[in-house]
Amino acid sequence: MRMESTSIRMMLAGAALGVMTLAAPAQAQELKTLNIMVPNNNTTNLYPVIVARYLGWFEKAGLTINYLDADTTIPYIAFLSNGQADAVMLDAPQTFQAVSEKLPIKVVYEAMQNAPEGLFVPEGNGITTLEGLKGKTVGLASDRDQATTRIVLESVGMSIDDVKTVVVGNGGPIIAKAIKDGTVQGFAAAANDLAIVAASGITMLDLTPPAVKVNPANTFSIWEPRLEELRPDLEKFFQVWARATAAGKIAPEIVAKMSAKQVPEEWENKEAGQALMDASFFLNLPVTPKYGDVEPEVWKSIQPAYIKAGELKAELDPATFLDGSLIDAANKFDEAEVKADLEAWDKANP
């Protein structure tokens, strides 16, 4: 997920209803439905969705989750403003844009506290530093990866004008061909894109400085006027999400088994699938003591880079858009119970 260039305010009134949703379970009439917008509800990269689905945890909590996948050019914020979505997953640029436009959003849960996007080069092409990309062509999974490229280059004093950029797309064979035939010498993408490339036998070298990866990349935001109305159900939702995230620490091999079963196309090459799984653990498991906790100091520290790169006009006070009031409820679960449920599923699915 990345920042859309179109002004959010211009899009609010025209948000479309046409988004992909999962079929609700048979007992949906007995459950409370939450509409949740994520980039993709069927990928190893967001394994908490897969774990919760296989173990039926949302249903046990009295919830039906209606996932609104992000195959849309409409900013996610529009779906919050018109009530179509109860919570949406945003990245830092999208959040900064919404707050800058004085929209009443609150970041309530940090699902990923490290950035999945970065700037990469194929091993063996002679480029080992960001400076080595000067005058070269950087492929983009989409035009929205311009922001990633700009911020990574700015971290070493370079400008996006120092490279050429071309949108390659996120189709595996197309990306692999562009890299193999030298059409691009670098590639700006996320972890799932790299897994596709790895499946083609290409090993990529990550040139993204570690400091740039310290970034609340995927965070759940809500429309603040609806917080109290949604609080009881959001507390249940985030407790299940935290439990499912913890599964990656408690029984990573079982989570990998679930992911391979749910999205076999990401595991056709087992090594590539496991590489994506390992990257997903890194991205989803928290760096804070509590799952999903908000990090005001991090939100403050990353803003100068966004300002320098032209992605943010002025610094914002994190206190105006962060709300950690759901975090304690989200963390009220027993890891022993999580382990027992995972092992029971594993035994039932040899």
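Here's what I pulled together on the structure shown here. (Residues numbered from 1 in each chain as written. Predicted model: local features only at pLDDT ≥ 70, side-chain atom pairs only at ≥ 80, totals over all residues. Heavy atoms only, no water.)

## Thoughts on the pattern of salt bridges
Under the criterion given, the structure shown has 13 salt bridges. One salt bridge connects glutamate 311 with arginine 150, and the closest N-O pair in it is separated by 2.5 Å. Here glutamate 311, found in the loop between helix 14 (303-308) and helix 15 (327-330), pairs with arginine 150, found in helix 6 (residues 146-154); they are 161 residues apart in sequence, far enough to count as distant. Residue lysine 177 pairs with aspartate 181 through a salt bridge whose shortest N-O separation is 3.1 Å. Given a relative accessible area of 55%, lysine 177 falls into the exposed group. (Salt bridge = Lys/Arg side-chain N within 4 Å of Asp/Glu carboxyl O. Helix = DSSP H or I, 4+ residues; strand = E, 2+ residues; numbered from the N terminus. Buried < 20%, exposed > 50% of the residue type's maximum accessible area, 1.4 Å probe, protein only.)

## A look at the pairing of strand 6 (residues 137-140)
Of the two faces of strand 6, both are covered, the one formed by Thr137 and Gly139 as well as the one formed by Val138 and Leu140. Taken together, the four bridges between strand 6 and strand 7 (residues 164-167) define a ladder with parallel strand orientation. The residue bridging glycine 139 from the neighbouring strand is valine 166, located in strand 7. With three bridges joining them, strand 6 and strand 8 (residues 186-189) adopt parallel strand pairing. Pairing of leucine 140 across the sheet is with alanine 188, part of strand 8. (Pairing = 2+ DSSP bridges.)

## Considering the sheet that holds strand 6
The strand order across the open sheet built from five strands is 7-6-8-5-9, with neighbouring strands paired in mixed fashion. With one partner strand each, in any of the chains shown, strand 7 and strand 9 (204-206) form the two edges of the open sheet. Taking each pair of neighbouring strands and ignoring which way they run, the sheet shows an average axis angle of 30°. This element, helix 6, spans strand 5 (118-122), strand 6, strand 7 and strand 8 of the sheet and lies at about 85° to strand 5. (Axes fitted to C-alpha atoms, helices over the stretch in contact; angles between N-to-C directions. Contact = heavy atoms within 4.5 Å.)

## Regarding helix 5 (residues 92-100)
Among the nine residues in helix 5, eight count as buried, and that is most of the element. Taken together, the buried positions of helix 5 are Ala92, Pro93, Gln94, Thr95, Phe96, Gln97, Ala98 and Val99. Near the N-terminus of helix 5, the side chain that reaches the backbone nitrogen of glutamine 94, with its oxygen 3.0 Å away, is that of aspartate 91. Just past helix 5, the residue lysine 102 takes up positive phi, approximately 60°. (Polar contact = N/O pair within 3.5 Å; in protein donor to acceptor, adjacent residues only side chain to side chain.)

## Some points on the packing of aromatic side chains
As enumerated under the stated definition, the model contains 15 aromatic pairs in all. An angle of 90° between the planes, with centres 6.3 Å apart, marks the rings of phenylalanine 96 and phenylalanine 321 as edge-to-face. Highlighted residues: phenylalanine 96 in helix 5 and phenylalanine 321 in the loop between helix 14 and helix 15, separated in sequence by 225 residues. Phenylalanine 321 carries the same exposure label as phenylalanine 96, and that label is buried. With 5.8 Å between their ring centres and 40° between their planes, phenylalanine 237 and tryptophan 241 make a pair best called tilted. Placement of both phenylalanine 237 and tryptophan 241 in helix 10 (residues 227-250) is noted, with a separation of four residues, approximately one turn of the helix. On the basis of relative accessible area, phenylalanine 237 is assigned to the buried category, the value being 0%. Within the aromatic cluster, the residues linked to one another by ring pairs are Phe58, Tyr109, Phe220, Phe237, Phe238 and Trp241. A cation over an aromatic ring shows up here: arginine 243 above the ring of tryptophan 57, its NZ or CZ 4.3 Å from the ring centre. (Phe/Tyr/Trp six-rings, centres within 6.5 Å; stacked < 30°, edge-to-face > 60°. Lys NZ or Arg CZ within 6 Å of the ring centre and 35° of its normal.)

## Some points on the side chain of asparagine 45
Positionally, asparagine 45 belongs in the loop between strand 1 (32-38) and helix 2 (47-55). The class of asparagine 45 is buried, set by a relative accessible area of 10%. Of the polar contacts made by the side chain of asparagine 45, one reaches the side chain of serine 280; its length is 3.5 Å.

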